[in-house]
Amino acid sequence: MIATELPAWAVVVISLLLVIGGLVTVIGSLGLLRMGDFFKRMHGPSMGNTIGTGCVLLASMLTSSVLAGRPVVHELLITLFVVMSSPVTAMMLMQAALYRNRARNR
Amino acid sequence: MTMLFTYAIWFAQTCFVLAMVFAAVRLIRGPAAQDRVLAFDTLYINGMLTLLMLGIRSRSTAYFDMALLIALFGFVGTVALAKFLLRGEVIEP
């Protein structure tokens, strides 16, 4: 089992990061399910995905770094990519929704 | 300590799978096309996170490459769908 090789502080920090990431992600997805309007629904997944991905990737980086005994930061690539791409998709979807609502009301 | 780590990983994985279920319900039920695209975006990000949890559990680096590919192609797919909803064409002449 992996946890026997990790020091205690790493186990505590990684577990905390995983729990926070999971909670934020599930709350964001619950917002996607429960909110009433598309523009209200937009908030939940954008927040949840960014913070949840950040927490999980930080935990993954910490695990592999502590296990390898040296900094292993290749998960930074996914973090960078998700943080860059999530606002772009949100903005494009909002633009599309605005355009479609306007075209339908005309 | 071992139990704490195991429980945290179980909890996080359950949360991500639950989030995937919520996104799938919205994907099926969504009233407009943009809701479905947003739900698809959430779905693939949560799938990527589930894969990363598997990677933490099994300390294998193969899952990292899969997660990177999912993030990459999911982004391309979402942008293409949003572009299609906006203009009616993916690649404009």
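Residues numbered from 1 in each chain as written. Chains lettered and ligands numbered in written order. Predicted model: local features only at pLDDT ≥ 70, side-chain atom pairs only at ≥ 80, totals over all residues.

(A) Examining the nonpolar core more closely. Leu18(A), Leu93(A) and Leu52(B) are the most contacted members of the largest nonpolar core, which has 47 residues in total. Elements with a contribution of two residues or more to this core: helix H1 (8-34), helix H3 (43-68) and helix H4 (76-105) of chain A together with helix H1 (2-29), helix H2 (33-58) and helix H3 (62-87) of chain B. Excluding anything up to four places from it in sequence, Leu18(A) contacts Val56(A), Ala59(A), Ala8(B), Ile9(B) and Ala12(B). (Core = buried A, V, L, I, M, F, W, Y, C linked by C-beta atoms within 7 Å. Buried ≥ 20, exposed ≤ 12 C-beta atoms within 10 Å, placed from the backbone. Helix = DSSP H or I, 4+ residues; strand = E, 2+ residues; numbered from the N terminus. Contact = placed C-beta atoms within 7 Å.)

(B) Main features of the packing of H1(A) against H3(A). Residues and elements named next belong to chain A. Two elements in contact, H1 and H3, have axes whose closest approach is 8 Å; the angle formed by their N-to-C orientations is 160 degrees. In this view, H1 runs roughly antiparallel relative to H3, as classed from their interaxial angle. Seen along the crossing, H1 lies across H3 with a hand that is left-handed. Of the residues contributing to the contact of H1 with H3, the split by class is 18 nonpolar, eleven polar and no charged. (Axes fitted to C-alpha atoms, helices over the stretch in contact; angles between N-to-C directions. Parallel < 35°, antiparallel > 145°, perpendicular 65-115°, else oblique. Left-handed = near helix turned anticlockwise from the far one by under 90°. Nonpolar A, V, L, I, M, F, W, Y, C, P; charged D, E, K, R; others polar.)

(C) Up close: the packing of H4(A) against H2(B). Between H4(A) and H2(B), the least distance of the axes is 10 Å, while the angle of their chain directions is 170 degrees. Between H4(A) and H2(B), the crossing angle belongs to the class labelled roughly antiparallel. Side by side, H4(A) and H2(B) meet where Thr89(A), Leu93(A), Ala96(A), Ala97(A) and Arg100(A) of the first sit next to Gln34(B), Val37(B), Leu38(B) and Asp41(B) of the second. Considered class by class, the residues forming the contact of H4(A) with H2(B) number five nonpolar, two polar and two charged.

(D) Structural view of the environment of Arg36(B). All names here are of chain B. In this structure, Arg 36 sits in helix H2. In this structure the C-alpha to C-alpha distance between Arg 36 and Met 48, which are twelve residues apart in sequence, comes to 18 Å. Among residues more than four places away in sequence, those in contact with Arg 36 are Leu 27 and Gly 30.

(E) Spatial organisation of the environment of Lys83(B). Residue and element names in this part refer to chain B. Relative to the elements of secondary structure, Lys 83 occurs in helix H3. Residue classification places Lys 83 among the partly exposed residues on the basis of 17 C-beta atoms within 10 Å. Sequence separation between Lys 83 and Ile 56 is 27 residues, and the spatial gap between their C-alpha atoms is 35 Å.

(F) Looking closely at the interface of chain B and chain A. Counting residues at the interface gives 43 residues for chain B, matched by 46 residues for chain A. Only H1, H2 and H3 of chain B provide two or more residues apiece to the side of chain B that touches chain A. Split into classes, the residues belonging to the side of chain B that touches chain A amount to 31 nonpolar, seven polar and five charged.

(G) Main features of H4(A). Helix length check: H4(A), at 30 residues, gives a terminal C-alpha distance of 44 Å against a target of 44 Å (1.5 Å per residue), a fit within 8%. In the core, the buried residues of H4(A) are packed alongside helix H2 (38-41) and H3 of chain A together with H2 and H3 of chain B. (Expected span 1.5 Å × (residues − 1).)

(H) Representation of the environment of Phe22(B) within the structure. Tracing the backbone shows Phe22(B) in helix H1. Residue Phe22(B) is classed as buried on the basis of its 24 C-beta neighbours within 10 Å. The contacts of Phe22(B), once residues within four sequence positions are left out, are Ser29(A), Leu30(A), Leu32(A) and Leu33(A).

(I) Structural detail: H3(B). All names here are of chain B. Helix length check: H3 (26 residues) gives 38 Å between terminal C-alpha atoms against 38 Å at 1.5 Å per residue, within 8%. Of the positions making up H3, those classed as buried are Tyr 63, Ala 67, Ala 71, Gly 74, Phe 75, Thr 78, Leu 81, Ala 82 and Leu 85. Where H3 terminates, the next one or two residues include Gly 88, which has phi positive at roughly 90 degrees.

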